[in-house]
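# Reading the structure
Spelled out from the first residue to the last, the chains are:
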Amino acid sequence: MPDSLESRPLSALPLEELLACHECDLLMRRPSLGEEQKACCPRCGYELVVHRAHMVRRSLALVITALLLYVPANFLPIMRLTLLGQTTHDTVWSGVVGLYETGMRTVAALVLLCSMVIPLLKLLCQLVVLLCIRHGVARRTGILFYRVYHRLREWGMLEVYLMGILVAIVKLIDMAELHVGVGLACFIGLLLAQVWLEVTMSSHQVWDALEGDADACA
Ligand SMILES: [Zn+2]
């Protein structure tokens, strides 16, 4: 009679039944979780895995929301500034162009990459991965795009950009007539959608689904 997995020692378990903590490297049995349950490391308390209900549907809705907000967030005015009789409408894109035209080309390129190009690429990678899982096709493509997404993760810096905008608003508010534009609301909406997406798109469910486990994304 075959012995159950629970009764076997860790060294006799197949790799897919094992889980290592990202923080303290503790090796343990992979817990089976119900919807909206999570498992934490018994040694350091790090959140190991979380199982989101309807992960693909919810994540797709958030990716599409973020993509819809992307264009107005970057191209609609974040603020309208009136100083010494001159009025300017500042957008994220006009900020990049302004930096470039004043000779700060490296800074302009960095702002362009971290606040516009990489956040867009991250969203497109997530969209491709979710579509691959939803339709059960091109899993290799899904795996490739999810790897690219993990590489890009550290480089999208919308939070830093938002902090910069808020600091600029606080500093300028006494010196000039300043009106907050609809672009700022879209930018904050984009940031919130991205953070919510990171929380909803549980990475272990994505990897399981890309590996062919249909239950992972239920
Ligand atoms: Zn740990």
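As the structure is a prediction and not an experimental result, all values here were calculated from the model. (Residues numbered from 1 in each chain as written. Predicted model: local features only at pLDDT ≥ 70, side-chain atom pairs only at ≥ 80, totals over all residues.)

To continue, consider the pairing of strand E5 (residues 79-83). Bridge count between E5 and strand E6 (residues 86-90): 5 bridges; the pairing is antiparallel. Residue Met-79 lies in a different strand from E6, and its bridge partner there is Asp-90. Once E5 ends, the chain turns through 2 residues before running back antiparallel as E6, passing Leu-84 with a positive phi of about 50 degrees. Bridge count between E5 and strand E7 (residues 177-180): 4 bridges; the pairing is antiparallel. Across the sheet, the residue bridging to Arg-80 is His-179, located in E7. (Pairing = 2+ DSSP bridges. Helix = DSSP H or I, 4+ residues; strand = E, 2+ residues; numbered from the N terminus.)

It is worth spelling out the confidence of the model for the protein at this point. Taken residue by residue, the protein gives an average pLDDT of 84. The fraction at 70 or more is 94%. Mean pLDDT values for the elements of the protein range from 76 in helix H5 (residues 158-172) up to 93 in helix H1 (residues 55-75). (pLDDT = per-residue confidence, 0-100.)

Attention now goes to the UniProt feature "transmembrane region" (unreviewed entry) in the protein. In this numbering, the UniProt entry assigns the feature "transmembrane region" (unreviewed entry) to residues 60-79, 107-133, 154-173 and 179-197. End-to-end, the C-alpha atoms of residues 60-79 are 30 Å apart, and along that stretch the chain is 80% helix and 5% strand. Secondary structure within residues 179-197 divides into 84% helix and 11% strand; the distance between the first and last C-alpha atoms comes to 30 Å. (UniProt positions renumbered as here; feature names shortened; annotations may be inferred.)

Before going further, it helps to spend a moment on the domain arrangement of the protein. Considered domain by domain, the protein is made up of domain 1 (5-50) and domain 2 (55-212). Measuring from the centre of the C-alpha atoms in domain 1 to the corresponding centre in domain 2 gives 33 Å. (Domains from an automatic or database assignment.)

A word on unusual backbone geometry. Notably, Asp-25 is not glycine yet its phi reads approximately 65 degrees, a positive angle. Tracing the sequence through the fold places Asp-25 in the loop between strand E1 (18-20) and strand E2 (27-29). Located in the positive-phi region is His-54, a residue other than glycine, with phi close to 50 degrees. Structurally, His-54 is set in the loop between strand E4 (47-50) and H1.

Moving on: the nonpolar core. Val-63, Ala-66, Leu-69, Val-129, Ile-133, Leu-190 and Val-206 are the most contacted members of the largest nonpolar core, which totals 34 residues. No other element matches H1, which puts 9 residues into this core. With sequence-adjacent residues up to four places away left out, Ala-66 is seen in contact with Leu-123, Leu-190, Ala-193, Gln-194 and Leu-197. (Core = buried A, V, L, I, M, F, W, Y, C linked by C-beta atoms within 7 Å. Buried ≥ 20, exposed ≤ 12 C-beta atoms within 10 Å, placed from the backbone. Contact = placed C-beta atoms within 7 Å.)

It is worth spelling out the sheet that holds E6 at this point. Strands sit in the order E6-E5-E7 across an open sheet of 3 strands; the sheet is antiparallel. The open sheet is flanked by E6 and E7, the only strands paired with a single partner. Adjacent strand axes in the sheet meet at a mean angle of 15 degrees, parallel and antiparallel pairs treated alike. (Axes fitted to C-alpha atoms, helices over the stretch in contact; angles between N-to-C directions.)

Of all the residues in helix H2 (residues 92-101), the buried ones are Val-92, Gly-95 and Val-96. Along the long axis of H2, the arc covered by the buried residues comes to 100 degrees, so they all point the same way. Turned more than 90 degrees away from the buried face of H2, the exposed residues are Val-97 and Glu-101. Positioned one or two residues after H2, Gly-103 has a phi angle of 95 degrees, which is positive. (Arc of directions from axis to C-beta.)

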